[in-house]
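What follows is the residue order along each chain.
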Amino acid sequence: MKEKPALDLVKIRTRLESAQGPLYWKSLEELAETEDFKAFLDDEFAERSTDWQSPANRRNFLKLMSASLAFAGVTACTKQPKETIVPYVRQPEEFIPGVPLFYATAMQMGGVGTGLLATSHLGRPTKIEGNPDHPGSLGASDYFHQASILTMYDPDRGQAVTNNGHISSWVAFQAALSSARERAAIKNGDGLRILTETVTSPTLTAQIQGILKEMPGAKWHQYEACGRHNAFKGAMAAFGRPVNAIYHFDQADVIVSLDADFLSCGPGNLLYARQFADKRRVMTNVTHTPQPKENWQEGYQEGPDAPRHNQSASYAEEATGPVHLPPQVQAQGKPAEQTTQNRLYVVEPSPSPTGGMADHHFVLRRSEVEAWAAELSAAIGGPSGAGKFKEIAAIAKDLQAHKGSSIMIAGAHQPANVHALAHAMNHSLGNVGKTVTYTDPIEGNPTDQQQSLADLVADMNAGKVDSLLMLGGNPAYSAPVDLNFAAALKKVPWRGYLGLFPDETAAQSVWYVPEAHYLESWGDVRGFDGTVSFVQPLIAPLYGGKTAIEVVATLAGQPDKTAHDVVREHWQAQANAAAFDIFWKKALHDGVVPNTALPAINVTAKAPAAAESKPAQGMELMLRPDPTIWDGSFANNGWLQELPKPQNKMTWDNAVWISPTTAQKLNLNTEDMVELKYQGRTVTAPVWIMPGHANDSATVHLGFGRTRAGHVGSEVGFNAYLLRTSAEPDGGSGLEIQKVSGSHTFATTQHSQTMEGRDLVRTATLEEYKKNPQYVDEKEEQKPIPTWMSLYPDYRYEGYKWGMTIDLNACNGCGACVAACQSENNIPVVGKVEVARGRHMHWIRVDRYFKGNWDNPELYYQPINCMQCENAPCELVCPVAATVHSGDGLNQMVYNRCVGTRYCSNNCPYKVRRFNFLLYSDWYTESLKGGRNPNVTVRSRGVMEKCTYCVQRINVVKIESEKQNRRIADGEINPACSQACPAQAIVFGDINDPKSRVAQLKAQARNYSLLEELNTRPRTTYLGRLRNPNPEIEKG
Amino acid sequence: MAQIFHRSTNTISKVSIIVGALGAGLLLAFAYAMDRGAYITDVKVVKEQPVPFSHKHHVTDDGIDCRYCHTSVETSSFAGIPATEICMSCHSQIWSNAAILEPVRASFRTGESLEWTRVHDLPDFVFFNHSIHINKGIGCATCHGRVDQMPLTYKENTLYMNWCIQCHRNPEKFVRPRDQVFNMAYEPPANQEELGKKLVQEYHIQSLTDCYTCHR
């Protein structure tokens, strides 16, 4: 890659401050109008083949053309290869080839389980959805859930038990573990240690506690690299005991987030995102009235020619018998009128999706948040003198006006004191019992995990540990660097490790046992509110993996017990024995164990000790888990590596995020290499300039720089754990940044497929909206073109007419839709180099826009998929009719006709088409084939592809409805993106049915189309974003 | 000035033009014949199977319904190939010692599946659904031919797109009453045109020629 010119930060600032600056901007490069950026815009298919660098020469041209013609002809002459059909010997009941089954199971992250429904095609899990019956999901899922299916099929997973690196067997391991048990039993358990991550599983907890009871000298340590350590300590400070806080955003009108990204991570985030969005679905009964739009409501004008499409007569009158509607469908109706919206204040040092939803966003350094919270706490108590932060008085007033209907929530990376302050403020605002409830902790054995690990390492160094059994977690990689876990581990004579991958810890262990993926395991786990879900396997372990329950059963002297038996016996002991079979089957079927949510408890928050004011010196370091690969455990997952991070659309990398002002001060630019020096340790890393980031601070994401992650994740990014100490796991002050030579190339998706500064995101404040509900159509160029101006006759849709709306006021840009689409539609991973060339393949992307100055810009997210235009520009230019209009209005892409001219993509104003420049789909790795959706073609090289509105799902429902001779009910078809969406921002349905949700949303005043002036008449439309600012702050 | 070309050049060029044109025509004819011929299409070509299963014997002689073995034809996209257990439901009693059935018994004994060779094999970018065709009154024999008269199974039609589309464009020419779908001997009546139009209305058959109907 060529050297990139430096960003002219001064010019950018001038542009932002001058009136000519664009209202919305995607990146600093765009503002600077760098050559690179312009080149990217001009050339949609950048970096095309370089084979033609020699001056073209007629003879070569003819040679190549005739050869390609001949080869193209010859390759078409294949005879179909012989294929076999392999039927069952004994077909299992309920297995019908071609009809998928769905099983309820649960996935845990940080110990918190989320109920899921896994799709199984003849025993192969292919897709994950949220379980609508699970309180932590309500049918939604996030990208970790979606991508977990790829981890299950990952060929890099551990495939054999190893002993000192040599292949061994499970039986040999069991023998070794049993003798370790015997050795420890003689000493009453002394020297036997178990190290786990956060455990909420009732069965595993009972198992381990059984061992501890039998051998009191043994110890159980827990350590989760990116766990909720501060929340634990905060609860201890506020209540003197660990508690689990549950928030009720459906009851909250004013929310103050103290650096809490509650919409996209942490326990209950899917539910919270849903409740939060429900409070922002502003709907009025004022319908959209501009004349031209009336046409699509009222039917179509007759064109001069016969209609281009005509489906046979509608069959409302033919339908016989009762119409069977799925239960979730009947509940939907006209959107209720809603004229209010909650108000979110966010104070944070590093931009997050939650920060993007804020009505008021304050950028503070991490260490200043505590002072801010303390000042707010004082102001709530009564009028106090002028503080350091001018907005506090207005926020306190707002909170006081909403006693019992407000929430204070503290973030995972804020110190315990901030958590304690938040608890105390919730208490004094009367929120406890209304918007905040407390329960016992969901963890089986809540402990201070940082201390727990430090104790273990101290004992290992002192030679007190004879046998150490590590169940997941990869501590050799993720433990605080000052503990030097790997070195201490070497002092333990018997060390066994159970993990999904033969990773850094496996390399340091005597015994390594491949772990079964959750889709291969029996188990149980608690959700964010304590609800227990059974983990149910969809498939036998692909690589002979074992579960933690089986390993612990061996340690407990029951080597022959399966995980299924252990879990069943545990619950049999708790339940009514007579009705146990029914209980067990029902709980497995529903995915939740009834009445296991923890009851609310009464606790009183103590006001925390006065904040020690310790202003950060110099640069401040902030260490956080990576948005997509988390603590590093998802490093080998290509979907997550390539998923653009919500804030900066970066893929395949981590970086040092600094603010533009700090960059100016340090004379740094995006892609410069710097040396980070913190407490005597150094790491070399590339810089990313992040608008909206706190000054004199640097955010560094953990989870990268793995050495033994696998083919995908090893040697990607830099390892920030090397700066993480046990004293300051979230970072601290005293960071030194030194520019070093060299530069780094990032692969981001924020420039590619850009729409060049047109007014695509439309926003207003709630007050402005009330005065002028039609704000989305204000500008002349945004007015739709009347249909009579079109030269072509309109299509007529007498059957279905599919459409979609995306509510920008609900969407928090989390990216679950992108991962869900990737899983549903067999979208390949292309790798960093190809992403840098603008060739990523995601069918839906989430555009991110900034508005305002770079110190504290407003953030807007906008998911963009194929608009399925009525007058689709792509259809007109395809020379082989590979993209054509369907009878229900879909813009069809026919892979087997496509010859790869890419004219369609050139002509697409929304830039939603993706081209397979190379053979991106993995056609050769056997295990990956199992995870593909059998109802979607796996595309080959040279073929264009794009969003189909999940036509495979439409067809399944259509065929079933035709068989039952009825119309498809509203809500029966859910494209993958809308099904996954935690905020339910994406709604799909039949526009021809005026009662459908999508038709009613399209009739809302907030509804608008992108680039309406082009008369493409998109089927995907957007509902404008609304802000609900506090007038007192807005003025000042 | 002397002639550049010899007189015979005229003949040579005429002959080569004619031979060239004929050759190109022949080449096209050859390509067409290959494409439509049994070598490529496998029409009427019997495939080797682990057991020489006779549909003629089972359907015509024994009177077994299609759905006894192809169990999911009415509910799924895939008609279903019988599990060994289904074969054994009869063959544990009759012909239980026949040498020809040894692979079936071996499969039942060992739990190893029989591996049948696909006779009707659509390309991977085509998504066909049996259940909807059955439901809308398309008979088995319309596509599969008189399977009841095939001692060894072969493909009756090319299953090329232009063959499919004949019916997708004009379903009234092929549709039959639902109760006749599994009747292999059904002959379209003289008034098929009239009956077909009526059935198309009654069964709500759409002439689905959208690409996404089959390709996605």
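Please read all numbers here as calculations on a predicted model, not as lab measurements.

**A short note on the overall build of chain B**
Part 1: Scanning chain B for helices and strands turns up 10 helices and 1 strand.
Part 2: In chain B, the order of α-helices and β-strands from amino to carboxyl end is α-α-α-α-α-α-β-α-α-α-α.
Part 3: Compactness check: chain B gives a C-alpha radius of gyration of 25 Å against a globular reference of 17 Å for 216 residues, more than 25% above the reference.
Part 4: With the C-alpha coordinates of chain B rotated into their principal frame, the extents come out at 95 × 50 × 35 Å.
Part 5: Out of the 216 residues in chain B, the part that is buried amounts to 23%.

**Points about the overall build of chain A**
Part 1: Within chain A, the regular secondary structure consists of 34 helices and 40 strands.
Part 2: Each of the 1036 residues in chain A was classed as buried or not, and the buried ones make up 54%.
Part 3: Contacts in chain A between residues at least 24 apart in sequence constitute 76% of all its contacts with a sequence separation of at least 6.

**Topic: the interface of chain B and chain A**
Part 1: Taken together, the contact between chain B and chain A spans 36 residues of the former and 38 residues of the latter.
Part 2: Of all elements in the fold, only helix H5 (84-91), helix H6 (102-110), strand S1 (116-117) and helix H7 (130-135) of chain B reach the threshold of two or more residues within the side of chain B that touches chain A.
Part 3: For the side of chain B that touches chain A, the element with the most residues is H7 of chain B, which contributes 3 residues.
Part 4: A per-class count over the side of chain B that touches chain A returns 13 nonpolar, 16 polar and 7 charged.
Part 5: Relative to S1 of chain B, strand S2 (residues 84-85) of chain A runs antiparallel, the two sharing 2 bridges. If you follow Thr84 of chain A over to S1 of chain B, its bridge partner there is Thr117 of chain B.

**Some points on the environment of Ala235 of chain A**
Residues and elements named next belong to chain A.
Part 1: Its location among the elements puts Ala235 in helix H8 (residues 229-239).
Part 2: Look at Ala235 and you get buried, because 25 C-beta atoms sit within 10 Å.
Part 3: Residues Ala235 and Ala605, spaced 370 residues apart in sequence, show a C-alpha to C-alpha distance of 8.5 Å.

**Considerations on helix H20 (residues 548-555) of chain A**
All names here are of chain A.
Part 1: Of all 8 residues making up H20, 8 are buried, and the element is well covered by its neighbours.
Part 2: Buried residues of H20: Ala548, Ile549, Glu550, Val551, Val552, Ala553, Thr554 and Leu555, and no others.
Part 3: Within two residues after H20, Gly557 carries a phi angle of roughly 85 degrees, on the positive side.

**Thoughts on the environment of Arg183 of chain A**
All names here are of chain A.
Part 1: Secondary-structure assignment places Arg183 in helix H6 (residues 170-186).
Part 2: Arg183 gets classed as partly exposed once you count the C-beta atoms within 10 Å, which come to 16.
Part 3: A C-alpha to C-alpha distance of 17 Å links Arg183 and Pro559, two positions 376 residues apart in sequence.

**Things to note about the confidence of the model for chain A**
Interpretation of the predicted coordinates at a detailed level should be avoided for regions scoring low in pLDDT.
Part 1: Summarising the model, chain A shows a mean pLDDT of 85, and 87% of its residues fall at 70 or more.
Part 2: Across residues 47-52 of chain A the pLDDT falls below 50, and counting only partners more than four positions away or on other chains, this stretch makes 1 contact in the model.

**Considerations on the pairing of strand S13 (residues 360-363) of chain A**
All names here are of chain A.
Part 1: The alternating pattern of S13 places His360 and Phe362 on one face and His361 and Val363 on the opposite face, and all of these are buried.
Part 2: Sheet topology places strand S12 (residues 343-348) next to S13; 4 bridges connect them, and they run parallel. Along S13, the bridge assignment pairs Val347 with Phe362.

**Let's talk about the sheet that holds strand S39 (residues 1020-1023) of chain A**
All names here are of chain A.
Part 1: Spatially, the 4 strands line up as an open sheet ordered S37-S30-S39-S38, and their pairing is mixed. With one partner strand each, in any of the chains shown, strand S37 (986-990) and strand S38 (1007-1008) form the two edges of the open sheet.
Part 2: Taken together, the 2 bridges between S38 and S39 define a ladder with antiparallel strand orientation. Residue Tyr1008 lies in a different strand from S39, and its bridge partner there is Tyr1022.

**Notes on unusual backbone geometry**
All names here are of chain A.
Part 1: Backbone geometry places Lys649, a non-glycine residue, at a positive phi of 60 degrees.
Part 2: Relative to the elements of secondary structure, Lys649 occurs in the loop between helix H23 (638-642) and strand S22 (650-651).
Part 3: One non-glycine residue, Asn667, adopts positive backbone phi at about 60 degrees.
Part 4: Relative to the elements of secondary structure, Asn667 occurs in the loop between helix H24 (660-666) and strand S24 (672-678).
Part 5: Asn667 sits in the exposed class, given 10 other C-beta atoms within 10 Å.

**Quick notes on the sheet that holds strand S32 (residues 858-864) of chain A**
All names here are of chain A.
Part 1: If you walk across this open sheet you meet the 3 strands as S1-S31-S32, and the pairing is antiparallel. Either end of the sheet is taken by a strand with one partner, and the two such strands are strand S1 (24-25) and S32.
Part 2: Pairing between S1 and strand S31 (residues 845-851): 2 bridges, direction antiparallel. Looking across to S31, one finds that Tyr24 is bridged to Lys851.

**Quick notes on the confidence of the model for chain B**
Part 1: Of all residues in chain B, 100% attain a pLDDT of 70 or more, and the chain-wide mean is 91.
Part 2: Here helix H2 (residues 38-41) of chain B is the element of chain B with the lowest mean pLDDT, 84, and S1 of chain B is the one with the highest, 94.

**Focus: the pairing of strand S4 (residues 112-121) of chain A**
Note on strand geometry: in a regular strand, side chains alternate between the two faces of the sheet.
Residue and element names in this part refer to chain A.
Part 1: Burial of S4 is extensive: 7 of the 10 residues sit out of reach of the surface.
Part 2: Bridge count between strand S3 (residues 101-109) and S4: 9 bridges; the pairing is antiparallel. Pairing of Thr105 across the sheet is with Leu116, part of S4.
Part 3: Where S3 hands over to S4, the hairpin turn is made up of 2 residues, of which Gly110 adopts a positive phi near 60 degrees.
Part 4: The pairing of S4 with strand S5 (residues 124-130) spans 6 bridges and is classified as antiparallel. By the bridge assignment, His121 is partnered in S5 with Arg124.
Part 5: Hairpin connection between S4 and S5: a loop of 2 residues separates the two successive antiparallel strands, and Leu122 in this loop has a positive phi of roughly 50 degrees.

**Some remarks on the nonpolar core**
Part 1: If you look at the biggest cluster of nonpolar residues, it comprises 265 residues, and the most contacted ones within it are Leu258, Val656, Ala698 and Cys817 of chain A.
Part 2: In contact with Cys817 of chain A, other than residues within four places in its own chain, are Ile844, Pro863, Cys977, Ala980, Cys981 and Ile986 of chain A.
Part 3: Formed by 15 residues, the second largest nonpolar core is a distinct cluster that contains Ala141, Met150, Leu199 and Ile205 of chain B.

**Some words on the packing of H8 of chain A against helix H15 (residues 416-428) of chain A**
All names here are of chain A.
Part 1: Across the interface, H8 lies against H15 with an axial gap of 7 Å and an inter-helix angle of 55 degrees. Here H15 runs oblique to H8, going by the angle between their axes. Between H8 and H15 the crossing geometry is right-handed. Listed contacts from H15 to Asn230, Ala231, Lys233, Gly234, Ala235, Ala237 and Ala238 of H8 are Ala416, Asn417, His419, Ala420, His423 and Ala424.
Part 2: Residues belonging to the contact of H8 with H15 are distributed by class as follows: 7 nonpolar, 5 polar and 1 charged.

The rules we used
Residues numbered from 1 in each chain as written. Chains lettered and ligands numbered in written order. Predicted model: local features only at pLDDT ≥ 70, side-chain atom pairs only at ≥ 80, totals over all residues. Helix = DSSP H or I, 4+ residues; strand = E, 2+ residues; numbered from the N terminus. Rg over C-alpha atoms; globule rule 2.2 N^0.38 Å. Buried ≥ 20, exposed ≤ 12 C-beta atoms within 10 Å, placed from the backbone. Contact = placed C-beta atoms within 7 Å. Nonpolar A, V, L, I, M, F, W, Y, C, P; charged D, E, K, R; others polar. Pairing = 2+ DSSP bridges. pLDDT = per-residue confidence, 0-100. Core = buried A, V, L, I, M, F, W, Y, C linked by C-beta atoms within 7 Å. Axes fitted to C-alpha atoms, helices over the stretch in contact; angles between N-to-C directions. Parallel < 35°, antiparallel > 145°, perpendicular 65-115°, else oblique. Left-handed = near helix turned anticlockwise from the far one by under 90°.

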